[in-house]
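Fold and geometry: a report
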Amino acid sequence: MILEVDNIELNFKNKRILSGIYLKAETGKVIAILGSNGCGKSSLLDIIFGNLKPKYKLIRIDNKPILKPLYKTGFIKYLPQYHFIPNGMVVKSAFNMFGVSWDEFASSFNAFKTYKSYSMGKLSGGERRVIETYLALKSKSLITILDEPFSHLAPIHIEAIKTLIEEEKRNKIVIVSDHMYQHIIDSADKIYLLKNATTKEIKNLKELESYRYLNENVLK
Amino acid sequence: MKHLLIFFHFYKTYIAWSFIITLLLGFVDSHYIPAVLTKLFLTVFAWYLTNETASKRKLTFYKNLGFSIQSLFISMFVLDSLLTVFILFLFKLL
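How each quantity is defined
- For every chain, the first residue of the written sequence is number 1, and numbering continues from 1 onward in sequence order.
- Written order determines the labels here, with chains lettered from A and ligands numbered from 1.
- Predicted model: local features are reported for residues with pLDDT of at least 70 only, side-chain atom pairs are reported and counted for 80 or more only, and whole-chain, interface and lining totals are derived from all residues.
- Secondary structure elements are taken from DSSP: a helix is a run of H or I of four residues or more, a strand is a run of E of two residues or more, and numbering for both begins at the N terminus.
- Residue burial here comes from a neighbour count, namely the number of other C-beta atoms, placed from the backbone, that lie within 10 Å of the residue's own C-beta, with 20 or more meaning buried, 12 or fewer meaning exposed, and in between meaning partly exposed.
- We call two residues in contact when the distance between their C-beta atoms, placed using the backbone, is within 7 Å.
- Nonpolar residues are Ala, Val, Leu, Ile, Met, Phe, Trp, Tyr, Cys and Pro. Charged residues are Asp, Glu, Lys and Arg, and all others, Gly as well, are polar.
- UniProt positions are given in the numbering used here, feature names are shortened, and annotations may be inferred rather than shown by experiment.
- Following DSSP output, two strands are said to pair if at least two bridges run between them.
- As a rule, the C-alpha atoms of each element are fitted with a line to give its axis, helices using only the stretch in contact, and angles between N-to-C directions run from 0 to 180 degrees.
- In this usage, the nonpolar core is the set of buried Ala, Val, Leu, Ile, Met, Phe, Trp, Tyr and Cys residues whose C-beta atoms join them within 7 Å.
- Left-handed describes a crossing whose near helix is turned anticlockwise from the far helix through less than a right angle; right-handed describes the clockwise counterpart.

1. What about the overall build of chain B?
Counting its regular elements, chain B contains four helices and zero strands. Secondary structure elements of chain B occur, N-terminal to C-terminal, as α-α-α-α. C-alpha atoms of chain B, sized along the principal axes, occupy 45 × 30 × 20 Å. Across the 94 residues that make up chain B, the buried fraction comes to 15%. Sequence-distant contacts, at least 24 apart, represent 78% of the contacts inside chain B between residues at least 6 apart.

2. Quick word on the interface of chain A and chain B
Facing the 13 residues of chain A at the interface are eleven residues of chain B. Of the residues belonging to the side of chain A that touches chain B, the class tally is eight nonpolar, three polar and two charged.

3. Let's talk about the environment of Glu-201 of chain A
On the secondary structure map, Glu-201 of chain A appears in strand E10 (residues 198-202). In sequence terms Glu-201 of chain A and Ile-33 of chain A are 168 residues apart; their C-alpha atoms lie 9.3 Å from each other.

4. Some details on the UniProt feature "domain: ABC transporter" (unreviewed entry) in chain A
When the UniProt feature table is mapped onto this chain, "domain: ABC transporter" (unreviewed entry) is found at residues 3-217 of chain A. Its end C-alpha atoms 34 Å apart, residues 3-217 of chain A is made of 29% helix and 28% strand.

5. Section: the sheet that holds strand E2 (residues 15-26) of chain A
Residue and element names in this part refer to chain A. Strand order in the open sheet formed by four strands is E2-E1-E4-E5, with antiparallel pairing between adjacent strands. Looking at the sheet topology across the chains shown, the edges are occupied by E2 and strand E5 (64-65). Two strands pair when backbone bridges link them, and strand E1 (residues 2-12) and strand E4 (residues 56-61) are joined in this way by five bridges, in the antiparallel orientation. Its bridge partner being in E4, Glu-9 is matched across the sheet by Tyr-56. Of the strands in this sheet, E1, E2 and E4 touch helix H1 (residues 41-49), which is tilted by about 120° from E1.

6. Points about the sheet that holds strand E7 (residues 143-147) of chain A
All names here are of chain A. Across the sheet, six strands lie side by side as E6-E7-E8-E3-E9-E10; this open sheet has mixed pairing. Lying at the two open borders of the sheet, with one neighbouring strand each, are strand E6 (76-79) and E10. Ignoring strand direction, the axes of neighbouring strands in this sheet form an average angle of 20°. Examined bridge by bridge, strand E3 (residues 30-34) and strand E8 (residues 173-177) share four bridges and lie parallel to one another. Bridged to Ile-31 within E8 is Ile-175.

7. Quick notes on the nonpolar core
Residue and element names in this part refer to chain A. Within the largest apolar cluster, 62 residues are counted, with the highest numbers of intra-cluster contacts made by Ile-31, Ala-32, Leu-44, Ile-48, Phe-49, Ile-145 and Ile-175. With six residues, helix H4 (residues 125-138) is the largest single contributor of residues to this core. Once residues lying within four places of it in the same chain are set aside, the contact partners of Phe-49 are Leu-70, Tyr-71, Ile-76, Tyr-78 and Ile-145.

8. Observations concerning unusual backbone geometry
All names here are of chain A. Its identity is not glycine, yet His-152 carries a phi of approximately 65°, on the positive side. If you trace the backbone, His-152 turns up in the loop between E7 and helix H5 (155-168). Even without a glycine there, the phi angle at Arg-212 is positive, about 60°. Residue position: Arg-212 is located in the segment after helix H7 (207-210).

9. Details of the packing of helix H1 (residues 2-27) of chain B against helix H4 (residues 69-93) of chain B
Residue and element names in this part refer to chain B. In the contact formed by H1 and H4, the axes pass within 10 Å of each other and the chain directions differ by 35°. Viewed along their axes, H1 and H4 form a crossing whose handedness is right-handed. Within the contact between the two elements, H1 uses Phe-7, Phe-10, Tyr-11, Tyr-14, Ser-18, Thr-22, Leu-25 and Gly-26 and H4 uses Leu-72, Ser-75, Met-76, Leu-79, Asp-80, Thr-84, Ile-87, Leu-88 and Phe-91.

As structure tokens, then:
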């Protein structure tokens, strides 16, 4: 499957946030979106999912334009920056609703075994993030969008999530954005830099320095 | 079945407020049509409030499960109206 996001224009009042965006993603590849704070990464991901309506947008799947919000198709999952599973929901119920095996999760993340009957609101921010990221990645979908999946996570969990992304990308498109660029670079097959409201495909990592996303000589 | 559970989880957020209003309507001996219209107004108000405040974020959970927000609010209105009519009917029997 090929997803193309094209010709997006988003303005907030008189400020242009996104303009002339183009992004192409395909099954089996992890697409990374990098950019400095406030450059519009989350807005772009919100637009792709269907949470935000821009002035213009064109989303194509296998060359066919999709006119309704992608979430209504049921084949996209989105991990936003905020906690999206309700506080009062019991952890096991969340797994049931997303059609994901709790036992499989508990065997991969041993420290979470005791949380089966906890409500989501009782968990720490990092623990919730692990569960939400896991559900977004493991539930049945063709496209998964992850907005800052590594934020607030312990290093051991970051590695587990990176492994999961690597496994899950075989059957789906994964679009990921995070400020922890080293993890993003490790996981990504294609990188786009969002700068001056538009996307630039990064062919050589040194371009991240020349576009001043990274300081010079940060990349060895 | 899963869809029904997800819908009830959504409805749970509003059920307490809705029940209080239904009781008030029962105590003032409201007719069925004004009661349903009151529920329609409150559903539209809840929809507006959810869309215009930070509560909008809560909808991402349901969107992730493939639900359209319109269908959730419309289903809530239908079920809530049926419950309201039933409770008012019980009030009239007493």
